[in-house]
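A closer look at the structure
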Amino acid sequence: MHQIDCPWCGVRDEAEFKYRGDATVTRPAAGAGADAFHDYVHTRANPKGWHAEWWHHTGGCRQLVKVLRNTLTHEIRQTARAAEPLAAPSPETTPT
Amino acid sequence: MKDYSVWRLLEEGMRGHQGWPRAWREPAPRPAYDIVIIGGGGHGLASAYYLARVHGLTDVAVIEKGPIGLGNVGRNTTIVRSNYLYPENNRFYEKSLQLWEGLEQDLNFNVMMSQRGVLNLFHSDSQRDAFARRGNSMRLNGIDAELLDREGVRAMAPVLDFDNARFPIHGGLLQRRGGTARHDAVAWGFARAASGRGVDIIQHCEVTGIRREGGRVTGVETTRGFIGARKVGIAVAGHTSQVAAMAGLSLPVESHLLQAFVSEAVKPLLDCVVTFGAGHFYISQSDKGGLVFGGNLDGYNSYAQRGTLPVAEEVMAEGIAVVPALSRLRVLRQWAGIMDMTPDGSPLICKTPVEGLFLNGGWCYGGFKAIPGSGWCFAHTLATGEPHELNAAFTLDRFRNGRALDEKGAGPAWWAQ
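Residues numbered from 1 in each chain as written. Chains lettered and ligands numbered in written order. Predicted model: local features only at pLDDT ≥ 70, side-chain atom pairs only at ≥ 80, totals over all residues. Heavy atoms only, no water.

The next thing to look at is the nonpolar core. Residue and element names in this part refer to chain B. By size, the foremost hydrophobic cluster in this structure holds 51 residues, and its most contacted members are Ile37, Leu45, Tyr50, Phe92, Trp100 and Phe190. Of all the secondary structure elements, the ones that give two or more residues to this core are strand S1 (32-38), helix H2 (42-55), strand S2 (60-63), helix H3 (87-101), helix H4 (103-107), helix H7 (183-196) and helix H10 (367-384). The greatest single-element share of this core, amounting to eight residues, is contributed by H10. Filtering out sequence-adjacent residues up to four positions away, Tyr50 remains in contact with His55, Leu99, Leu103, Asp106, Phe190, Pro372, Gly375, Trp376 and Ala379. (Core = buried A, V, L, I, M, F, W, Y, C linked by side-chain atoms within 4.5 Å. Buried < 20%, exposed > 50% of the residue type's maximum accessible area, 1.4 Å probe, protein only. Helix = DSSP H or I, 4+ residues; strand = E, 2+ residues; numbered from the N terminus. Contact = heavy atoms within 4.5 Å.)

This part covers the packing of H3 of chain B against H10 of chain B. All names here are of chain B. Two elements in contact, H3 and H10, have axes whose closest approach is 8 Å; the angle formed by their N-to-C orientations is 95 degrees. Relative to H10, the element H3 is oriented roughly perpendicular. Contact with H3, carried on its side by Phe92, Tyr93, Lys95, Ser96, Leu99 and Trp100, involves Phe368, Lys369, Ala370, Ile371, Pro372, Gly373, Ser374, Trp376 and Cys377 of H10 and no other residues of that element. Here the residues of the contact of H3 with H10 are counted per class, giving ten nonpolar, three polar and two charged. (Axes fitted to C-alpha atoms, helices over the stretch in contact; angles between N-to-C directions. Parallel < 35°, antiparallel > 145°, perpendicular 65-115°, else oblique. Nonpolar A, V, L, I, M, F, W, Y, C, P; charged D, E, K, R; others polar.)

The partner chain A presents 26 residues to the 26 residues of chain B that form the contact. The junction of chain B with chain A conceals about 2200 Å² of combined surface from both sides, 56% of it contributed by carbon and sulfur atoms. Inspection of the region where chain B meets chain A yields one salt bridge. Close ionic contact of Asp35 of chain A with Arg400 of chain B constitutes a salt bridge, the shortest N to O distance being 2.3 Å. Counting across the chain B and chain A interface gives 14 residue pairs in polar contact (both at pLDDT 80 or more). Counting only elements with at least two residues in the side of chain B that touches chain A, the list comes to helix H8 (240-245), strand S12 (254-265) and strand S15 (290-301) of chain B. Per element, the largest residue contribution to the side of chain B that touches chain A is four residues, and it comes from S12 of chain B. Along the lines of polarity and charge, the residues of the side of chain B that touches chain A split into 13 nonpolar, ten polar and three charged. (Buried area = accessible area lost by both parts, 1.4 Å probe. Salt bridge = Lys/Arg side-chain N within 4 Å of Asp/Glu carboxyl O. Polar contact = N/O pair within 3.5 Å; in protein donor to acceptor, adjacent residues only side chain to side chain.)

Residue and element names in this part refer to chain B. By secondary structure assignment, the location of Asn360 is in strand S18 (residues 357-361). Judged by relative accessible area, Asn360 falls into the buried class, the value being 1%. Considered as a pair, Asn360 and Gly44 are 316 residues apart in the sequence and their alpha carbons are 8.5 Å apart. Beyond its immediate chain neighbours, meaning those up to four positions away, Asn360 contacts His43, Ser47, Ile234, Ala235, Val236, Leu348, Ile349, Ser374 and Phe378. At a separation of 2.8 Å, a polar atom in the side chain of Asn360 contacts the side chain of Ser374.

Attention shifts here to unusual backbone geometry. Positive phi is not limited to glycine here, since Arg62 of chain A has a value of about 65 degrees. You can see Arg62 of chain A is positioned in the loop between strand S4 (50-56) and strand S5 (64-70). Positive phi is not limited to glycine here, since Met112 of chain B has a value of about 55 degrees. Relative to the helices and strands, Met112 of chain B is located in the loop between H4 and strand S4 (118-122).

Residue and element names in this part refer to chain B. Nonpolar side chains collect at one region of the surface, where Tyr4, Leu9 and Trp20 lie side by side and expose about 260 Å² of accessible area between them. Along the chain, Trp20 falls in the loop between helix H1 (6-14) and S1. Residue classification places Trp20 among the partly exposed residues on the basis of a relative accessible area of 32%. (Patch = residues over 30% accessible without salt bridge, like charges linked within 9 Å, V, L, I, M, F, W, Y side chains within 5 Å. Areas by Shrake-Rupley, 256 points an atom, 1.4 Å probe, with all protein chains shown as cover.)

Our focus in this paragraph is the sheet that holds strand S3 (residues 18-22) of chain A. Within a sheet, neighbouring strands are paired by backbone hydrogen bonds and run either parallel or antiparallel to one another. Residue and element names in this part refer to chain A. Spatial ordering of the open sheet is given by S3-S4-S5-S6, a layout of four strands whose pairing is antiparallel. One side of each edge strand has no neighbouring strand; the edge strands of this open sheet are S3 and strand S6 (76-81). Each strand of the sheet is rotated relative to its neighbour by a mean of 30 degrees, with strand direction disregarded. Sheet topology note: the S5/S6 ladder contains five bridges and is antiparallel. Along S6, the bridge assignment pairs Leu68 with Gln78. (Pairing = 2+ DSSP bridges.)

Think of interface size as the accessible area that goes away when the parts come together; that is how it is often given. Residue and element names in this part refer to chain B. On domain assignment, one finds that chain B holds domain 1 (6-78 + 183-252 + 344-416) and domain 2 (113-178 + 254-341). Placing the centre of domain 1 and that of domain 2 at their C-alpha centroids yields a distance of 28 Å. Taken together, the contact pairs 18 residues of domain 1 with 23 residues of domain 2. Taken together, both faces of the contact between domain 1 and domain 2 bury some 1800 Å²; the carbon and sulfur share is 54%. For domain 1, the biggest contributors to the area lost against domain 2 are Arg75, Tyr365 and Trp414; these three give 39% of the whole. Along the contact surface separating domain 1 from domain 2 lie zero salt bridges. On inspection of domain 1 and its partner domain 2, the count reaches twelve residue pairs in polar contact (both at pLDDT 80 or more). (Domains from an automatic or database assignment.)

Quick look at the structure:
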């Protein structure tokens, strides 16, 4: 069971949240072209290791929470409010 | 390679079963092959087998980082079916089911193919309409489908809860030719048959890089040295993003977990595959007596091969809603596989932007039943450089072109498929 430290509510079980995917993608400018929008909608880095992602606290405050989680070990390193940056994971702790 | 037969069994029995050879050879990798397939799971082994049998190409190696068959081919709920709505999907899966029907004779290996029927339950009038539409789509493509009423379902599976207050069973869509197969035997059978035709199966050999010159594949770097190849096929579902990244490709794929469960063994309780239509739950009974069941994805990116408890609880709750007797059984085993999820829930069997590099992946939940059909189509694509008509729609650029095969209408979200 993931335990997610919601910046508004504190530590809560994964069951209160809905996963909303990769938090590193950003919407291209309106005129960026079809390729940029294709990548934005469909292409993902899908890393094995640290992954910045959105979890929606649907069973709590309903805020989107940014989470730095390891996709191999399920360890959660950091959480942040939507507008706050996550610290970059240090490479030596990234499993391969 | 001598065939397995009753005569062979008698012959070996007279000699105390000391004469059985290994089912497949364990050669050292040669410096180069015509075709190298990365991934010794069901799809990679089936592709190699059909390259040899259908296309006569035996200068082929299958490279696997561990022992063969320890990935998703051994981590599924063994269900085989072709009950899809869209013609591109149902024609492809029907080819696969037809290959399943002759697979044991073809491979000379007992894969315990059991056409016990796959029954999809519906629980409302609108769901009946949707299932009738899917059944009609199947029949238009020559696939068997029957719409059963409530009493028809009761005759097949009396163990179900027909009067659940929230989800009463109104009927079911039945594909009698669907069923189950022994998953490990599928990997072993394809490996033995491919090896017997001259394909090299190289275990404990991890690919660490894909070498290219001038935009063209020239081979793969591995933990056992460089292996040259004119063509390379990727069939590593679960880790497709990692291997494709070695060739500089970013894909419309996310890796998610799917859990499966087996109960303690009980006497015969359920002699077909049943899916619960009011949630996402599927169940069958193995020949040993254990009830094999599963449900939805865990719903977050993961390579952990183990799930978390909220989904386990959800699967059990759905199971008890449709088979109340499950509440008295203990779960003996639980595991998870890494699913290559695509944004539309359909697979990829295609060329890539790198010349000579071919991709087989994105199997989402549906990889096991697809194994023979996928091998058949991937072998054709590798051998000829062009897709077979059955996998022509399973391209990477379908997302860019608006030709997604979104069977569930849920896309473009990986975790929603």
